[in-house]
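Structure at a glance
Now for the letters of each chain:
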Amino acid sequence: MTDPHAAIAAVFRIEFPRLVAGLARLTRDVGRAEELAQDALVVALERWPIDGVPDNPGAWLMTTAKRRAFDGMRHARIADAKHVQLAHDLDATSRDVAGALADALDDDVGDDLLRLVFTACHPVLPPEARVALTLRLVGGLTTSEIARAFVVPEPTIGQRIFRAKRTLAEAHVPFEVPRAGERAERLASVLEVIYLVFNEGHVATTGASWMRPELCNDALRIARVLAGLVPDEPEVHGLVALLELSASRLAARVARDGTPVLLADQDRSRWDRLLVRRGLAALARAEELVAARGGSAGPYQLQAMIAAHHARAATAEATEWPRIAALYTLLARCAPSPIVDLNLAVAVGMAFGPGAGLQLVDALVADGALATYHLLPAVRGDLLAKLGRGDEARAEFERAAELTRNERERAVLLARARDS
Amino acid sequence: MKVMMLMIANPHAAPTAPPTEEALLAMHQYNEELAKAGVLLDLGGLTPPGQGVRIHYSGTKRTVIDGPFPEAKEMVGGYALLEVKDLAEAIEWAKRSPVMGGDATVEIRPLFDPSQFDVPGEAEERAKRQAEKPGKA
């Protein structure tokens with residue numbers, strides 16, 4: 001039933017991140033580590049179809065890659081101090097390969113993987129480079145899988161990753177976990193990358209389909225891995241909670257014909273109760289950690305609390321909108337953005353009537369920050385429709401349809417314009 | 001894709017001692033590996049059939065039968081629900097499962113995608129609710 005190449009590809013997908021992480025600690029160079037990992041994969045592709053997949057494929061790949069690293073060091077003609085030291089270190093290690101193997105297989109793996117996560121998400125890289133590099137090195141996705149996910153040509157992703165590795169090398173970014181002082185900011189960068197990936201899958205900004213659930217699963221998986229690596233950080237659990245809860249609704253967000261279904265109209269029996277349970281559990285962990293420190297909820301935890309309110313409401317009518325509005329107010333304070341303000345306006349409209357919501361939306365329009373964001377006119381149109389101002393609503397939906405780059409969403413907006 | 005992993009044992013195998021500490025530790029570490037890899041959604045160990053019950057259905061008749069079940073050739077010992085990219089990945093994870101006490105079988109079955117099943121009348125219900133929205137002609 002299974003094709004041997006699929007079996008080998010599955011092993012690679014599982015082992016690649018740890019392999020790169022272990023090699024990066026050795027070579028101090030993420031780019032070189034990836035090359036060595038790729039080389040080991042090539043050897044595996046030659047040998048495993050003949051010899052069979054080894055019992056411990058991770059160890060086999062690590063040994064193979066390290067052997068190539070040692071060879072590379074011995075042949076290095078550059079006599080600079082770094083290479084001499086490295087070759088010395090590697091010679092010392094090669095005397096105890098078994099020990100080195102044990103190193104790679106126990107909890108050092110966790111530390112190395114964490115170093116890899118922080119490095120791939122380094123703020124010196126632009127966000128899209130961080131995303132591509134993280135998906136490749138931490139998510140174990142192939143370049144073509146990443147390209148398909150973002151509806152971008154494969155060479156573009158290849159270049160993005162290449163340039164990212166070069167930037168890290170040129171900036172001499174050390175392969176390490178950030179020190180206490182920098183940790184919060186660096187962690188925020190990691191969470192942002194994961195959130196960007198999830199968001200892209202959740203409401204795909206371009207392309208024919210409205211969602212790409214595979215990408216949501218990739219983000220969720222990396223988030224869960226991170227929670228295992230950094231279990232004492234509340235915002236990590238907050239992000240996991242937010243993603244689990246958002247993912248719980250994926251099946252209900254599209255009708256059979258692919259049309260998007262808004263939250264208020266979703267069949268809640270289609271929400272994945274297992275993911276809801278997991279999300280609420282992660283949120284509880286975040287809340288415990290925050291309470292223990294006497295701190296306050298961070299932005300991901302707040303968003304997860306909002307998502308939890310929706311998850312707990314048996315029907316759309318049962319939603320506690322005033323509480324959600326209060327949470328958005330808190331969110332606007334700790335992570336201000338016009339998007340948060342827009343979401344607050346929606347919640348206020350639901351809690352206190354469309355007139356109240358419209359006041360806030362009009363302030364946003366006047367502000368100009370969301371001038372090209374399609375959801376601003378969409379929300380305005382919805383509030384106007386509720387106030388019985390059909391002609392104005394239609395104009396807003398038409399404007400929103402012009403602004404969105406997603407075909408499915410455009411169709412829904414045009415339909416609302418027609419029905420206004 | 002969601003995949004169910006079932007640990008299956010032979011209930012009539014020669015009576016074994018309860019699982020050793022080593023075996024329990026190996027199982028615990030394996031479950032930890034699944035969780036650390038971000039693929040584990042849920043898991044559970046089932047108590048022996050002697051603590052269970054079967055309900056046999058025949059037409060409208062329901063018969064409750066206490067375990068153990070001498071005629072059963074297989075027994076589910078535990079389950080894990082995984083989120084993986086494809087079946088090949090699930091197989092690779094299953095191969096890494098430690099074997100508790102001699103021979104065992106792990107069965108992997110993908111779950112049905114719930115969105116494949118239309119709840120009867122769902123489309124009509126949604127269209128009705130849309131039509132009732134305020135502000136519509």
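Regarding the packing of helix α1 (residues 4–27) of chain A against helix α2 (residues 87–95) of chain B
Relative placement of two packed helices is described by the angle separating their axes and the distance separating the axes. As a packed pair, α1 of chain A and α2 of chain B sit with axes 8 Å apart at the nearest point and diverge in direction by 70°. As summarised for this structure, α1 of chain A and α2 of chain B are arranged roughly perpendicular, according to the angle between their axes. With respect to the hand of their crossing, α1 of chain A and α2 of chain B are arranged in right-handed fashion. Residues Ala6, Ala7, Ala9, Ala10, Val11, Arg13 and Ile14 of chain A of α1 of chain A form the contact with α2 of chain B, whose own contacting residues are Ala88, Glu89, Ile91 and Glu92 of chain B. Residues that form the contact of α1 of chain A with α2 of chain B fall into these classes: 8 nonpolar, no polar and 3 charged.

Brief notes about helix α18 (residues 375–386) of chain A
Residues and elements named next belong to chain A. Here α18 contains 12 residues, and its C-alpha end-to-end distance of 16 Å stays within 8% of the 16 Å for a straight helix at 1.5 Å per residue. Counting buried residues in α18 gives 10 out of 12 residues, a clear majority hidden from the surface. If you check which residues of α18 are buried, you get Leu376, Pro377, Ala378, Val379, Arg380, Gly381, Asp382, Leu383, Leu384 and Ala385. Taken together, the buried residues of α18 touch α16 (338–352), α17 (354–367), α19 (390–403) and α20 (407–419). Positive backbone phi, approximately 80°, marks Gly388, located one or two places after α18.

Details of the pairing of strand β4 (residues 61–66) of chain B
All names here are of chain B. Counting buried positions along β4 gives 0 out of 6 residues, so the element sits mostly on the surface. Of the pairings in the sheet, the one linking strand β3 (residues 53–58) to β4 comprises 6 bridges and is antiparallel in character. Bridging from a neighbouring strand, Tyr57 pairs with Arg62 of β4. With antiparallel pairing between neighbouring strands as the criterion, β3 and β4 make up a hairpin whose turn holds 2 residues, including Gly59 at a positive phi of roughly 65°.

Notes on the confidence of the model for chain B
Residue and element names in this part refer to chain B. Scored by pLDDT, chain B has a mean of 84; 78% of the residues are at 70 or more. Looking at the elements of chain B, mean pLDDT is at its lowest for helix α3 (residues 122–131), recorded as 64, and at its highest for β4, recorded as 96. Overall fold confidence for the complex sits at a pTM of 0.87, while the interface term, ipTM, reaches 0.84.

The rules behind each value
- Residues numbered from 1 in each chain as written.
- Chains lettered and ligands numbered in written order.
- Predicted model: local features only at pLDDT ≥ 70, side-chain atom pairs only at ≥ 80, totals over all residues.
- Axes fitted to C-alpha atoms, helices over the stretch in contact; angles between N-to-C directions.
- Helix = DSSP H or I, 4+ residues; strand = E, 2+ residues; numbered from the N terminus.
- Parallel < 35°, antiparallel > 145°, perpendicular 65-115°, else oblique.
- Left-handed = near helix turned anticlockwise from the far one by under 90°.
- Contact = placed C-beta atoms within 7 Å.
- Nonpolar A, V, L, I, M, F, W, Y, C, P; charged D, E, K, R; others polar.
- Expected span 1.5 Å × (residues − 1).
- Buried ≥ 20, exposed ≤ 12 C-beta atoms within 10 Å, placed from the backbone.
- Pairing = 2+ DSSP bridges.
- pLDDT = per-residue confidence, 0-100.

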